Amino acid sequence: MGIKTNSAKISTTRKLKEVLHEFLRQLERFDQCVLLDYPGHHNIGDHLIWLGAVLFLTDTFKARISYAGGRHSFSEAAIDNLKPCPIILNGGGNLGNIYPRLMMPPNSILSSKSY
C-alpha cells in the first residue's frame, strides 16, 4: 500500500509559495536586517511565522539577520550600533489593533529611525 497524497493540495501549496516568493523578490535588496518580535509565548502559529521569516530572509533573500529580539528583550542601543538597515517586525496577531496590549514597544523605534 502506497502513501496517498492530495496532489491538488500540494499543487496549491507550491503555487502559494511561488506567488509569495515572486512578491517578496520585488523588495529592494539588502544584505542585513533587524528582525524584531520573537514570539516569547506558546502559540505555535507565531513561532512558525517567525521561522518562515528567518528562513526566507537567510536562505531565499540571502540577508544576514544582524540583530533579533523579542517584545521585552530587544535593545534599542544595540540596534543603534548597527549600520542602517531594514527593521522587520515579525507578523502575527500583535500587528494591527486586534490585540492592543500586545503592540510591540519597538513601534517607537520604527518611528524614530530614518532607515
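Residues numbered from 1 in each chain as written. Predicted model: local features only at pLDDT ≥ 70, side-chain atom pairs only at ≥ 80, totals over all residues. Heavy atoms only, no water.

**Q** Let's hear about the overall build of the protein chain: which residues, and what values?
**A** A count of helical and extended segments in the protein chain gives 4 helices and 3 strands. Helices and strands appear in the protein chain in the N-to-C order α-β-α-β-α-β-α. Within the protein chain, the proportion of its 115 residues that are buried is 26%. For the protein chain, the exposed surface amounts to about 8,100 Å²; the carbon and sulfur share of it is 59%. (Helix = DSSP H or I, 4+ residues; strand = E, 2+ residues; numbered from the N terminus. Buried < 20%, exposed > 50% of the residue type's maximum accessible area, 1.4 Å probe, protein only. Areas by Shrake-Rupley, 256 points an atom, 1.4 Å probe, with all protein chains shown as cover.)

**Q** Got a sec to walk through the side chain of histidine 21? Specific residues and values, please.
**A** Secondary-structure assignment places histidine 21 in helix α1 (residues 7–24). For histidine 21, a relative accessible area of 16% gives the class buried. Beyond its immediate chain neighbours, meaning those up to four positions away, histidine 21 contacts Phe56 and Thr60. (Contact = heavy atoms within 4.5 Å.)

**Q** Tell me about the sheet that holds strand β2 (residues 64–70), residues and numbers included.
**A** Taken in spatial order, the 3 strands make up an open sheet running β2-β1-β3, and their pairing is parallel. Pairing within the sheet leaves two strands with one partner each, and these edge strands are β2 and β3 (87–89). Direction aside, neighbouring strands of the sheet carry axes that sit 25° apart on average. (Pairing = 2+ DSSP bridges. Axes fitted to C-alpha atoms, helices over the stretch in contact; angles between N-to-C directions.)

**Q** Before we move on, can you summarise the pattern of salt bridges with the specific residues and values?
**A** All told, the structure shown has 1 salt bridge when counted by the stated rule. Of the charged contacts, one joins aspartate 31 and lysine 83 as a salt bridge, the two residues approaching to 3.4 Å between their closest N and O atoms. Taken together, the positions of aspartate 31 in the loop between α1 and β1 (32–38) and lysine 83 in the loop between α3 (76–80) and β3 put the pair 52 residues apart, joining distant regions of the chain. (Salt bridge = Lys/Arg side-chain N within 4 Å of Asp/Glu carboxyl O.)

**Q** Any details on the packing of aromatic side chains? Residues and values, ideally.
**A** Under the counting rule described, the total for this entry stands at 3 aromatic pairs. Arranged with centres 5.7 Å apart and planes meeting at 35°, the rings of phenylalanine 56 and phenylalanine 61 form a pair that is tilted. Its relative accessible area of 2% is what places phenylalanine 61 among the buried residues. Members of the aromatic cluster, joined through ring pairs, are Phe30, Phe56 and Phe61. Over the ring of phenylalanine 61 we find arginine 29, and its NZ or CZ is 3.9 Å from the ring centre. (Phe/Tyr/Trp six-rings, centres within 6.5 Å; stacked < 30°, edge-to-face > 60°. Lys NZ or Arg CZ within 6 Å of the ring centre and 35° of its normal.)

**Q** Any chance you could break down the environment of aspartate 46 for me, citing the residues and the numbers?
**A** Among the structural elements, aspartate 46 can be located in helix α2 (residues 44–60). Each C-alpha atom, one on aspartate 46 and one on glycine 91, is 7.6 Å from the other, the two residues being 45 residues apart in sequence.

**Q** I'd like a description of the layout of surface pockets, backed by residues and values.
**A** In this model, the largest pocket occupies a volume close to 350 Å³. As for the largest pocket, its lining consists of 16 residues, of which Leu20, Leu24, Gly52, Ala53 and Phe56 are closest to the centre. The biggest single contributor to the lining of the largest pocket is α2, with 5 residues. Each residue belonging to the lining of the largest pocket can be placed in one class, and the counts come to 11 nonpolar, 4 polar and 1 charged. (1 Å grid on protein atoms, 1.4 Å probe; cavity = no way out; pocket = protein on both sides within 12 Å on 5 of 7 lines; lining within 4 Å. Points joined across faces, edges and corners; volume = space filled by probe spheres on them. Nonpolar A, V, L, I, M, F, W, Y, C, P; charged D, E, K, R; others polar.)

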